[in-house]
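# Secondary and tertiary structure notes
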Amino acid sequence: MESEYYDDEPQQQQQQNPPKKSAKQNNALPLWGNESTMNLNPLILANIQGSSYFKVSLFKLKTYHEVVDEIYYQVKHLEPWERGSRKTSGQTGMCGGVRGVGAGGIVSTAFCLLYKLYTLRLTRKQVNGLLTHGDSPYIRALGFMYLRFTQPPADLYDWYEPYLLDEEEIDVKAGGGQTMTIGQMIRQWLTKLDWFSTLFPRIPVPIQKQNESKLEKFARENNVTFSEPTNDRYNKANAQRYERPSGSSTREDYGEPSRVKYTGHCDRDREPTRTASRYDRDDDLRRGRDRDRERDRSRDRDRRDRDRDYDRGRERYREKRSRSKDRERDRHRDRDRDYDRRYR
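Now for a quick tour of the structure. (Residues numbered from 1 in each chain as written. Predicted model: local features only at pLDDT ≥ 70, side-chain atom pairs only at ≥ 80, totals over all residues. Heavy atoms only, no water.)

### Points about the overall build of the protein
A count of helical and extended segments in the protein gives 13 helices and four strands. The long-range fraction of contacts in the protein, counting pairs at least 24 apart against all pairs at least 6 apart in sequence, stands at 69%. Taken as a whole, the protein presents about 24700 Å² of accessible surface, with 47% of it coming from carbon and sulfur. (Helix = DSSP H or I, 4+ residues; strand = E, 2+ residues; numbered from the N terminus. Contact = heavy atoms within 4.5 Å. Areas by Shrake-Rupley, 256 points an atom, 1.4 Å probe, with all protein chains shown as cover.)

### Observations concerning helix α9 (residues 153-160)
Those residues of α9 not exposed but buried are Pro153, Leu156, Tyr157, Trp159 and Tyr160. Burial along α9 is one-sided: seen end-on, the buried residues are contained in an arc of 165°. Structurally, α9 contributes buried residues whose contacts are with α7 (124-131), α8 (137-150), α10 (182-191) and α11 (205-222). (Buried < 20%, exposed > 50% of the residue type's maximum accessible area, 1.4 Å probe, protein only. Arc of directions from axis to C-beta.)

### Comments concerning the environment of tyrosine 53
Looking at the secondary structure, you find tyrosine 53 in helix α4 (residues 52-57). For the pair tyrosine 53 and threonine 109, spaced 56 residues apart in sequence, the C-alpha to C-alpha distance is 8.2 Å. Look past the residues within four positions of tyrosine 53 in its chain and what remains in contact with it is Leu58, Glu70, Gln74, Thr109, Cys112 and Leu113. Here the side chain of tyrosine 53 touches glutamate 70 through a polar contact of 2.8 Å, side chain to side chain. (Polar contact = N/O pair within 3.5 Å; in protein donor to acceptor, adjacent residues only side chain to side chain.)

### Remarks on a negative patch on the surface
A cluster of like negative charges, contributed by Asp155, Asp158, Glu161 and Glu221, occupies part of the molecular surface. In this structure, glutamate 221 sits in helix α11. With relative accessibility at 57%, the residue glutamate 221 sits in the exposed group. (Patch = residues over 30% accessible without salt bridge, like charges linked within 9 Å, V, L, I, M, F, W, Y side chains within 5 Å. Salt bridge = Lys/Arg side-chain N within 4 Å of Asp/Glu carboxyl O. Lys, Arg positive; Asp, Glu negative; His and termini not counted. Charge placed at Lys NZ, Arg CZ, Asp CG, Glu CD.)

### Notes on the nonpolar core
Core analysis: the biggest nonpolar cluster contains 59 residues, and Leu78, Met145 and Met185 have the highest contact counts within it. For this core, the secondary structure elements donating two or more residues are α3 (42-50), α5 (64-74), α6 (109-120), α7, α8, α9, α10 and α11. Beyond its immediate sequence surroundings of up to four residues, methionine 185 is in contact with Leu78, Ala141, Phe144, Val172, Met180 and Trp195. (Core = buried A, V, L, I, M, F, W, Y, C linked by side-chain atoms within 4.5 Å.)

### Comments concerning the packing of α9 against α11
Two elements in contact, α9 and α11, have axes whose closest approach is 9 Å; the angle formed by their N-to-C orientations is 20°. In terms of axis orientation, α9 runs roughly parallel to α11. Once α9 is placed against α11, the crossing between them reads as right-handed. Here Pro153, Ala154 and Tyr157 of α9 lie close against α11, whose contacting residues are Ile207, Asn211, Lys214, Leu215 and Phe218. Along the lines of polarity and charge, the residues of the contact of α9 with α11 split into six nonpolar, one polar and one charged. (Axes fitted to C-alpha atoms, helices over the stretch in contact; angles between N-to-C directions. Parallel < 35°, antiparallel > 145°, perpendicular 65-115°, else oblique. Left-handed = near helix turned anticlockwise from the far one by under 90°. Nonpolar A, V, L, I, M, F, W, Y, C, P; charged D, E, K, R; others polar.)

### Description of α6
Note on helix geometry: an α-helix contains 3.6 residues per turn, so any two residues three or four positions apart are oriented the same way. Over its 12 residues, α6 runs 17 Å from end to end, which matches the ideal 16 Å to within 8%, given 1.5 Å per residue. With 10 of its 12 residues buried, α6 lies for the most part within the structure. The secondary structure elements touched by the buried residues of α6 are α3, α4, α5, α7, α8 and β4 (198-199). Arginine 121 sits one or two positions beyond α6 and adopts a positive phi of about 55°. (Expected span 1.5 Å × (residues − 1).)

What follows is the structure in structure tokens.
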């Protein structure tokens, strides 16, 4: 019995003091979700893997530092598609204007490099190096985006919390015009799924509520108010449109209708307002049918003119061809006659 007691004692001490993980194990960054797709939209992933930039240019980059240098020189925005390359206006039915559905376009440099980072399987040290990089805000932004696509939703707030009040500005829109701070960007990524024409991985509702409550608590503790990022072009246009005029400050000066002064409940002297009747609607329908009929007539007229021109051109071609055949036949006939006269 005593030997069994002494044999079990080292095992109990081993259970109470588990072996510590090595620094290499702590540096490894586990991946979450679909490891073959990086949780990217299938259309975006297919365009990345099929692009010559990813297959040729980025294939030559083998190290983390080479990819970071490429981000510094090449990334100018954070949209998934290059400006003007993705057309959805001609699509109909279920594919018309739906995010991630359709023919795609030219995938952006930012998302190609994001997927290139994923193929390197970054460590914690490397990701932290991206988040704190001082050369370009786009290097930092791709680090935050890498976390958003690859890390468990429950861990995102812990990664983002030290940077919630980061004031470094970044223009995220292709072609420019939508500037926001790093803090505004990552707060948006914590609370919303939409990012231009794609979606981030879904955050479960309980974790989403926890993130929102943590953000509110963070704002109270730091005595700040989180504002939503807005479009600079839209703000400038509205500022010019509603600029306060000098001198008077009536509602008409701001382009708004003036309020009607209240004169009591009597409606006797008020001009009657005309409402649309059934006859007005019938007139509108009739006018619409007349327009359609006139359009059909003009279309038929154009078609007849086009067919007439085609027939005339075809007849001219046939006449010209028959004349050329006749001339060729006469030429052969004269040649045969000359030959017969010469050798008879």
